[in-house]
Amino acid sequence: MAPLLILSIVTIVVRVAGLGGERSWARALRYGLAAMFTATGVAHFVGMRDELIAMVPPALPEPGLLVTVTGVLELLGAAGLVWRRTTRAAAIALGLMLVAMFPANVYAATHGLTTEWLDHLVPRTILQIVFLAATAVVARGHRWRGPAG
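Residues numbered from 1 in each chain as written. Predicted model: local features only at pLDDT ≥ 70, side-chain atom pairs only at ≥ 80, totals over all residues. Heavy atoms only, no water.

Peer 1: Talk me through the overall build of the protein; I want residue IDs and the actual numbers.
Peer 2: Broken down by element type, the protein carries 6 helices and 0 strands. Compactness check: the protein gives a C-alpha radius of gyration of 16 Å against a globular reference of 15 Å for 149 residues, within 12% of the reference. Looking at the protein residue by residue over its 149 residues, the buried ones come to 37%. In the protein, the proportion of contacts linking residues at least 24 apart, taken out of those at least 6 apart, comes to 62%. Accessible surface, the protein: about 8,200 Å² in total, of which carbon and sulfur atoms supply 72%. Distance between charge centroids for the protein: 23 Å, based on 12 positive and 7 negative side chains. (Helix = DSSP H or I, 4+ residues; strand = E, 2+ residues; numbered from the N terminus. Rg over C-alpha atoms; globule rule 2.2 N^0.38 Å. Buried < 20%, exposed > 50% of the residue type's maximum accessible area, 1.4 Å probe, protein only. Contact = heavy atoms within 4.5 Å. Areas by Shrake-Rupley, 256 points an atom, 1.4 Å probe, with all protein chains shown as cover. Lys, Arg positive; Asp, Glu negative; His and termini not counted. Charge placed at Lys NZ, Arg CZ, Asp CG, Glu CD.)

Peer 1: If you had to explain the environment of E51 to someone new, which residues and values would you point to?
Peer 2: When you line up the elements, E51 lands in helix α3 (residues 49–55). For E51 and Q128, which are 77 residues apart along the polypeptide, the C-alpha to C-alpha distance reads 18 Å.

Peer 1: Would you mind going over the packing of aromatic side chains in detail, with residue names and values included?
Peer 2: With the rule as written, the count across this model stands at 0 aromatic pairs. Over the aromatic face of W25 sits the side chain of R15, whose NZ or CZ is 5.5 Å from the ring centroid. (Phe/Tyr/Trp six-rings, centres within 6.5 Å; stacked < 30°, edge-to-face > 60°. Lys NZ or Arg CZ within 6 Å of the ring centre and 35° of its normal.)

Peer 1: Residue-level account of helix α5 (residues 87–110), with values.
Peer 2: Taking 1.5 Å of rise per residue, the 24 residues of α5 would be expected to cover 34 Å, and the 34 Å separating its terminal C-alpha atoms lies within 8% of that figure. The principal kink in α5, of about 35 degrees, is found at M101, preceding the proline P103 by one to four residues. When we look at burial in α5, the residues that qualify are T87, A90, A91, L94, G95, M97, L98, A104, N105, Y107, A108 and A109. For α5, the secondary structure elements touched by its buried residues are α2 (25–43), α3, α4 (63–82) and α6 (121–141). Immediately downstream of α5, the backbone of G112 shows phi near 65 degrees, a positive value. (Expected span 1.5 Å × (residues − 1). Bend = angle between axes of the 7 residues up to and from the residue.)

Peer 1: Explain the packing of α2 against α6 residue by residue, including any values.
Peer 2: In contact at an axis separation of 9 Å, α2 and α6 are set at 130 degrees when each is read in the N-to-C sense. Considering their axes alone, α2 and α6 lie oblique with respect to each other. Helix-helix and strand crossings are classified by hand; for α2 and α6 the assignment is left-handed. Along the contact surface, α2 presents A26, R27, L29, R30, L33, M36 and F37, while α6 presents F131, A134, T135, V137, V138 and G141. Its residues assigned to classes, the contact of α2 with α6 shows 9 nonpolar, 2 polar and 2 charged. (Axes fitted to C-alpha atoms, helices over the stretch in contact; angles between N-to-C directions. Parallel < 35°, antiparallel > 145°, perpendicular 65-115°, else oblique. Left-handed = near helix turned anticlockwise from the far one by under 90°. Nonpolar A, V, L, I, M, F, W, Y, C, P; charged D, E, K, R; others polar.)

Peer 1: Could you give an account of the packing of α5 against α6, with specific residues and numbers?
Peer 2: Two quantities define a packed helix pair, namely the angle between the axes and the distance from one axis to the other. Where α5 contacts α6, the two axes come as close as 8 Å, and the packing angle between them is 175 degrees. As summarised for this structure, α5 and α6 are arranged roughly antiparallel, according to the angle between their axes. Across the contact of α5 with α6, the residue classes break down as 13 nonpolar, 7 polar and 2 charged.

Structure representation (C-alpha coordinates):
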(Lines give C-alpha, C1' and ligand atoms only; values in the text may rest on other atoms or scores of the structure.)
Protein backbone atom coordinates (compact mmCIF):
# COMPACT_ATOMS: atom_id res chain seq x y z
CA MET A 1 0.00 0.00 0.00
CA ALA A 2 2.85 2.40 0.81
CA PRO A 3 4.21 2.46 -2.77
CA LEU A 4 0.76 3.35 -4.15
CA LEU A 5 0.33 6.11 -1.56
CA ILE A 6 3.78 7.52 -2.30
CA LEU A 7 3.14 7.43 -6.05
CA SER A 8 -0.25 9.13 -5.68
CA ILE A 9 0.63 11.77 -3.10
CA VAL A 10 3.88 12.91 -4.71
CA THR A 11 2.30 13.05 -8.17
CA ILE A 12 -0.63 15.11 -6.88
CA VAL A 13 1.59 17.49 -4.89
CA VAL A 14 3.96 18.06 -7.83
CA ARG A 15 1.08 18.65 -10.25
CA VAL A 16 -1.05 20.87 -8.02
CA ALA A 17 1.89 22.91 -6.77
CA GLY A 18 3.45 23.07 -10.24
CA LEU A 19 6.82 22.07 -8.80
CA GLY A 20 9.62 21.97 -11.31
CA GLY A 21 7.35 23.73 -13.78
CA GLU A 22 5.36 20.53 -14.28
CA ARG A 23 1.94 21.46 -15.63
CA SER A 24 0.72 18.06 -16.82
CA TRP A 25 -0.23 14.94 -14.89
CA ALA A 26 1.95 12.74 -17.11
CA ARG A 27 5.04 14.82 -16.42
CA ALA A 28 4.29 15.12 -12.68
CA LEU A 29 3.89 11.34 -12.59
CA ARG A 30 7.61 10.87 -13.15
CA TYR A 31 8.30 12.46 -9.75
CA GLY A 32 5.71 10.20 -8.12
CA LEU A 33 7.37 7.18 -9.70
CA ALA A 34 10.81 8.43 -8.68
CA ALA A 35 9.66 8.77 -5.06
CA MET A 36 8.00 5.35 -5.15
CA PHE A 37 11.05 3.60 -6.61
CA THR A 38 13.32 5.39 -4.16
CA ALA A 39 11.24 4.06 -1.26
CA THR A 40 11.02 0.53 -2.67
CA GLY A 41 14.72 0.57 -3.61
CA VAL A 42 15.71 1.56 -0.07
CA ALA A 43 13.46 -1.22 1.28
CA HIS A 44 15.76 -3.71 -0.46
CA PHE A 45 18.44 -2.75 2.06
CA VAL A 46 16.59 -1.49 5.13
CA GLY A 47 13.39 -2.64 6.80
CA MET A 48 12.07 -5.29 4.39
CA ARG A 49 15.22 -7.00 3.14
CA ASP A 50 14.48 -10.37 4.76
CA GLU A 51 10.90 -10.39 3.45
CA LEU A 52 12.09 -9.51 -0.06
CA ILE A 53 14.72 -12.27 0.01
CA ALA A 54 12.00 -14.74 1.06
CA MET A 55 9.91 -13.67 -1.96
CA VAL A 56 12.54 -14.79 -4.47
CA PRO A 57 11.33 -18.06 -6.02
CA PRO A 58 13.58 -20.99 -5.00
CA ALA A 59 14.44 -21.75 -8.63
CA LEU A 60 16.47 -18.52 -8.80
CA PRO A 61 20.04 -18.48 -7.46
CA GLU A 62 21.44 -16.11 -4.83
CA PRO A 63 18.26 -14.47 -3.50
CA GLY A 64 20.24 -11.95 -1.42
CA LEU A 65 22.26 -10.86 -4.45
CA LEU A 66 19.12 -10.57 -6.59
CA VAL A 67 17.47 -8.36 -3.96
CA THR A 68 20.59 -6.19 -3.78
CA VAL A 69 20.81 -5.85 -7.57
CA THR A 70 17.12 -5.03 -7.99
CA GLY A 71 17.34 -2.50 -5.15
CA VAL A 72 20.28 -0.76 -6.83
CA LEU A 73 18.44 -0.80 -10.18
CA GLU A 74 15.34 0.73 -8.60
CA LEU A 75 17.43 3.53 -7.06
CA LEU A 76 19.24 4.17 -10.34
CA GLY A 77 15.92 4.12 -12.19
CA ALA A 78 14.45 6.63 -9.73
CA ALA A 79 17.38 8.97 -10.36
CA GLY A 80 17.00 8.43 -14.10
CA LEU A 81 13.35 9.46 -13.96
CA VAL A 82 14.13 12.94 -12.63
CA TRP A 83 16.93 13.71 -15.09
CA ARG A 84 15.15 14.75 -18.28
CA ARG A 85 17.70 13.20 -20.62
CA THR A 86 17.13 9.75 -19.14
CA THR A 87 13.48 9.92 -18.08
CA ARG A 88 12.14 7.89 -21.00
CA ALA A 89 14.84 5.21 -20.83
CA ALA A 90 14.47 4.94 -17.05
CA ALA A 91 10.70 4.57 -17.30
CA ILE A 92 11.05 1.83 -19.91
CA ALA A 93 13.71 0.01 -17.88
CA LEU A 94 11.67 0.22 -14.69
CA GLY A 95 8.59 -1.06 -16.52
CA LEU A 96 10.56 -4.04 -17.79
CA MET A 97 11.88 -4.63 -14.29
CA LEU A 98 8.32 -4.64 -12.91
CA VAL A 99 7.46 -7.36 -15.39
CA ALA A 100 10.62 -9.34 -14.59
CA MET A 101 10.03 -9.12 -10.82
CA PHE A 102 6.33 -10.02 -10.97
CA PRO A 103 6.99 -13.77 -10.53
CA ALA A 104 8.38 -12.98 -7.06
CA ASN A 105 5.06 -11.30 -6.19
CA VAL A 106 3.15 -14.32 -7.51
CA TYR A 107 5.38 -16.68 -5.51
CA ALA A 108 4.89 -14.66 -2.32
CA ALA A 109 1.12 -14.48 -2.81
CA THR A 110 0.72 -18.19 -3.58
CA HIS A 111 3.03 -19.45 -0.82
CA GLY A 112 1.59 -17.56 2.14
CA LEU A 113 4.48 -15.11 2.45
CA THR A 114 2.20 -12.09 2.55
CA THR A 115 0.04 -10.72 5.32
CA GLU A 116 -1.36 -7.50 3.87
CA TRP A 117 -4.50 -8.03 1.77
CA LEU A 118 -3.06 -5.91 -1.05
CA ASP A 119 -0.27 -8.45 -1.42
CA HIS A 120 -2.65 -11.28 -2.28
CA LEU A 121 -2.57 -12.32 -5.91
CA VAL A 122 -5.47 -10.36 -7.44
CA PRO A 123 -4.91 -7.02 -5.65
CA ARG A 124 -1.14 -7.30 -6.18
CA THR A 125 -1.65 -7.98 -9.88
CA ILE A 126 -3.88 -4.91 -10.17
CA LEU A 127 -1.27 -2.80 -8.34
CA GLN A 128 1.44 -4.09 -10.62
CA ILE A 129 -0.67 -3.13 -13.66
CA VAL A 130 -1.12 0.37 -12.19
CA PHE A 131 2.63 0.75 -11.65
CA LEU A 132 3.38 -0.60 -15.12
CA ALA A 133 0.82 1.76 -16.66
CA ALA A 134 2.44 4.68 -14.83
CA THR A 135 5.86 3.81 -16.27
CA ALA A 136 4.27 3.51 -19.74
CA VAL A 137 2.60 6.93 -19.41
CA VAL A 138 5.91 8.53 -18.43
CA ALA A 139 7.85 6.73 -21.18
CA ARG A 140 5.30 7.65 -23.82
CA GLY A 141 4.83 11.24 -22.69
CA HIS A 142 8.40 12.25 -22.14
CA ARG A 143 10.96 12.85 -24.81
CA TRP A 144 13.95 15.01 -24.01
CA ARG A 145 13.90 18.14 -26.14
CA GLY A 146 17.13 19.76 -25.10
CA PRO A 147 17.93 22.17 -22.27
CA ALA A 148 14.63 24.05 -22.59
CA GLY A 149 12.48 20.92 -22.96
